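Inside the fold
Here is what each chain is made of, one letter per residue.
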Amino acid sequence: AYYDRAIVINLSKIEPMIALPFHPSNAYTIKEFLSRPYELLKECEEAGNKLLPAGKGEFKLTDKIRDGKVYVEQGVIAGCAGGMYENIAAASEILGDTAINNNDFTLDVYPSSQPVYKGLVEGGYISRLMENGAIIKTAFCGPCFGAGDVPANNGLSLRHTTRNFPNREGSKPGEGQLAGVALMDARSIAATARNGGVITAATDIDYD
């Protein structure tokens, strides 16, 4: 094979990122987002409220900030992007023995295919995630287009999927219902689960 050019990326210098509602391009490093969460979530609120009919509901995200930390209700590792073997195995290692508090935060995991699912079962990762309190689903692309794991109204969901457009994830703006979905890498979602639903970059914790 012959190529016109090569793009070389030093992965050791790449920082985990978050794409805020309502588009994958609305992206910041997690470090930058956590340095000014109110400002950035307020912008998302304003964009969300423009989607709602006048007098029907209110989209709120700034209330996720408590004591300087940003809390989310849901994490989803799924699909052809997030549900790969390496991602889910790493998520299991990051969680370790940490139990997930399903009253405040839920973690749903969808392997990307049946062979990947089988490999994760054989490797013991699925059993370990279930013991942590994660909910394991079948290989399915639903979380990308909103066919599963519908967040609560005004909920904030972290997903390693490929899109977070408006009118997805069960949102029905015409009926006054809207949820926010942010995109993050599977490892940082696992770090967030380990930290009780507080948004956390995987690079900020130690794990094997």
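Preceding this paragraph is the structure being described.
How each quantity is defined
- Residues numbered from 1 in each chain as written.
- Predicted model: local features only at pLDDT ≥ 70, side-chain atom pairs only at ≥ 80, totals over all residues.
- Heavy atoms only, no water.
- Phe/Tyr/Trp six-rings, centres within 6.5 Å; stacked < 30°, edge-to-face > 60°.
- Helix = DSSP H or I, 4+ residues; strand = E, 2+ residues; numbered from the N terminus.
- Buried < 20%, exposed > 50% of the residue type's maximum accessible area, 1.4 Å probe, protein only.
- Lys NZ or Arg CZ within 6 Å of the ring centre and 35° of its normal.
- Axes fitted to C-alpha atoms, helices over the stretch in contact; angles between N-to-C directions.
- Parallel < 35°, antiparallel > 145°, perpendicular 65-115°, else oblique.
- Left-handed = near helix turned anticlockwise from the far one by under 90°.
- Contact = heavy atoms within 4.5 Å.
- Nonpolar A, V, L, I, M, F, W, Y, C, P; charged D, E, K, R; others polar.
- Salt bridge = Lys/Arg side-chain N within 4 Å of Asp/Glu carboxyl O.
- 1 Å grid on protein atoms, 1.4 Å probe; cavity = no way out; pocket = protein on both sides within 12 Å on 5 of 7 lines; lining within 4 Å.
- Points joined across faces, edges and corners; volume = space filled by probe spheres on them.
- Pairing = 2+ DSSP bridges.

**A word on the packing of aromatic side chains**
The description of an aromatic ring pair rests on the distance of the ring centres and on the angle between the ring planes. Counted by the stated rule, this structure contains two aromatic pairs. Measuring from centroid to centroid gives 5.6 Å for Phe22 and Phe59, while their planes differ by 45 degrees, and the two rings are tilted. One end of the pair, Phe22, is in the loop between β1 (17-19) and β2 (27-29); the other, Phe59, is in the loop between α2 (37-51) and β3 (65-66), with 37 residues separating them in the sequence. Note on accessibility: Phe22 and Phe59 belong to one class, buried. Between the aromatic rings of Tyr85 and Tyr125, the centroid separation amounts to 6.0 Å while the plane-to-plane angle is 90 degrees, which identifies the pairing as edge-to-face. Note that Tyr85 is positioned in helix α4 (residues 85-95) and Tyr125 in helix α6 (residues 125-132), a separation of 40 residues in sequence. Sitting over the ring of Tyr71, Arg66 keeps its end group 4.0 Å from the ring centre.

**Focus: the packing of α4 against helix α8 (residues 186-194)**
Between α4 and α8, the shortest axis-to-axis distance is 9 Å and the interhelical angle comes to 25 degrees. Classed by the angle they form, the pair α4 and α8 counts as roughly parallel. Crossing handedness for the pair α4 and α8: right-handed. Across the interface between the two elements, Glu86, Asn87, Ala90, Ala91, Ile94 and Leu95 of α4 pack against Ala186, Arg187, Ala190, Ala191, Ala193 and Arg194 of α8. Residue composition of the contact of α4 with α8, grouped by class: eight nonpolar, one polar and three charged.

**Focus on α4**
Helical geometry note: an α-helix holds 3.6 residues per turn, so side chains three or four residues apart project in the same direction. Of all the eleven residues making up α4, eight are buried; the element is thus mostly covered by neighbouring parts of the structure. Within two residues after α4, Gly96 carries a phi angle of roughly 55 degrees, on the positive side.

**Observations regarding the pattern of salt bridges**
As enumerated under the stated definition, the model contains nine salt bridges in all. Where Arg36 meets Glu39, a salt bridge forms, and the shortest distance between an N and an O atom there is 2.8 Å. Looking at Glu39, the relative accessible area reads 41%, which means it is partly exposed. For Glu73, the salt bridge identified is with Lys64, shortest N-O distance 2.8 Å. Three or more residues are tied together by salt bridges with common partners; here these are Glu32, Arg36 and Glu39.

**Notes on empty space enclosed by the protein**
If you walk through the whole model with that rule in mind, you get one cavity of 30 Å³ or more. In this structure, the largest cavity encloses a volume near 50 Å³. When the residues that make up the lining of the largest cavity are grouped by side-chain class, the tally is six nonpolar, three polar and two charged.

**Considerations on the pairing of strand β5 (residues 74-77)**
Across the two faces of β5 the burial is the same, with Gln74 and Val76 and Gly75 and Ile77 all buried. As paired elements, β5 and strand β6 (residues 106-109) share four bridges and run parallel to each other. Within β6, the position partnered with Val76 by the bridge is Asp108.

**Observations regarding the layout of surface pockets**
Regions of empty space are outlined by a rolling probe, equal in size to a water molecule, passed over the atoms. Approximately 230 Å³ is the volume attributed to the largest pocket. What lines the largest pocket is simply Leu11, Ile14, Glu15, Pro16, Met17, Asn87, His160, Asp185, Arg187, Ala202, Thr203 and Tyr207. Each residue belonging to the lining of the largest pocket can be placed in one class, and the counts come to six nonpolar, three polar and three charged.

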